[in-house]
Amino acid sequence: MSETPLPSIADKFDTDSAEQLVALGYPANADALDELIFWSCFPNDPVCHVTHPYIQSLPNEALVAPLLDFLQYNLEVGQTDLVVDAFWLFINPRGEAFRQQIKQATADEAIRALFDDPEYAPDPDDTAD
């Protein structure tokens, strides 16, 4: 038997697909976390109102690998604005322990360097630690 493919979010108005992905829950939707992270970076889009709270609800362990993939891909294609968004929306609010967990999980020097760059540093008043 083949597995049913996960739905994909077509555009910023596709809240139905976003709700289907979220309803699957983790780990059933693990292969779609990169997509859910992407759509969570656009707070003015209707789909973000579904995806962002879900991403925020996931445990740290579920987000390390997809966030590293997200950072690496967006650095490679020059989407540094999305890299900044990932830090401000998902990494920094979880605190220094999570920042270190992600930094230690990668051998990619470009990603590791971001954690020492002041542009990506957390606001001391806006962290979980």
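This text gives an overview of the structure that appears in the document. (Residues numbered from 1 in each chain as written. Predicted model: local features only at pLDDT ≥ 70, side-chain atom pairs only at ≥ 80, totals over all residues. Heavy atoms only, no water.)

### Examining the packing of helix α4 (residues 60-76) against helix α6 (residues 96-104)
At step 1: Their axes nearest at 10 Å, the elements α4 and α6 cross at an angle of 50°. As far as their axial angle goes, α6 and α4 are oblique. The chirality of how α4 crosses α6 is right-handed. Packed against α4, whose contacting residues are N60, E61, L63, V64, L67 and L68, the element α6 presents F98, Q101 and I102 at the interface.
At step 2: Of the residues belonging to the contact of α4 with α6, the class tally is six nonpolar, two polar and one charged. (Axes fitted to C-alpha atoms, helices over the stretch in contact; angles between N-to-C directions. Helix = DSSP H or I, 4+ residues; strand = E, 2+ residues; numbered from the N terminus. Parallel < 35°, antiparallel > 145°, perpendicular 65-115°, else oblique. Left-handed = near helix turned anticlockwise from the far one by under 90°. Contact = heavy atoms within 4.5 Å. Nonpolar A, V, L, I, M, F, W, Y, C, P; charged D, E, K, R; others polar.)

### A look at the packing of aromatic side chains
At step 1: In the structure shown here, the tally under the stated rule is five aromatic pairs.
At step 2: Ring geometry for F38 versus W39: centroids 5.1 Å apart, planes at 80°, classification edge-to-face.
At step 3: The class for F38 is partly exposed, based on a relative accessible area of 29%.
At step 4: Since its relative accessible area comes to 12%, W39 is described here as buried.
At step 5: Among the aromatic residues, those joined into a cluster by ring pairs are F38, W39 and F42.
At step 6: The ring of F98 has R94 lying over it, and the distance from NZ or CZ to the ring centre is 5.5 Å. (Phe/Tyr/Trp six-rings, centres within 6.5 Å; stacked < 30°, edge-to-face > 60°. Buried < 20%, exposed > 50% of the residue type's maximum accessible area, 1.4 Å probe, protein only. Lys NZ or Arg CZ within 6 Å of the ring centre and 35° of its normal.)

### Things to note about the nonpolar core
At step 1: I55, L67, F87, I91 and I102 are the most contacted members of the largest nonpolar core, which has 34 residues in total.
At step 2: At the level of secondary structure, the elements contributing two or more residues to this core comprise α1 (15-24), α2 (33-39), α3 (48-57), α4, α5 (80-91), α6 and α7 (109-114). (Core = buried A, V, L, I, M, F, W, Y, C linked by side-chain atoms within 4.5 Å.)

### Some thoughts on α5
At step 1: What α5 keeps buried is the set L82, V83, V84, A86, F87, F90 and I91.
At step 2: Of the surrounding secondary structure, the elements contacted by the buried residues of α5 are α2, α3, α4, α6 and α7.

### Considerations on the side chain of R99
At step 1: With respect to the helices and strands, R99 occurs in helix α6.
At step 2: Apart from the residues within four sequence positions on either side, R99 is in contact with F87, I91, N92, F115, Y120, A121 and P122.

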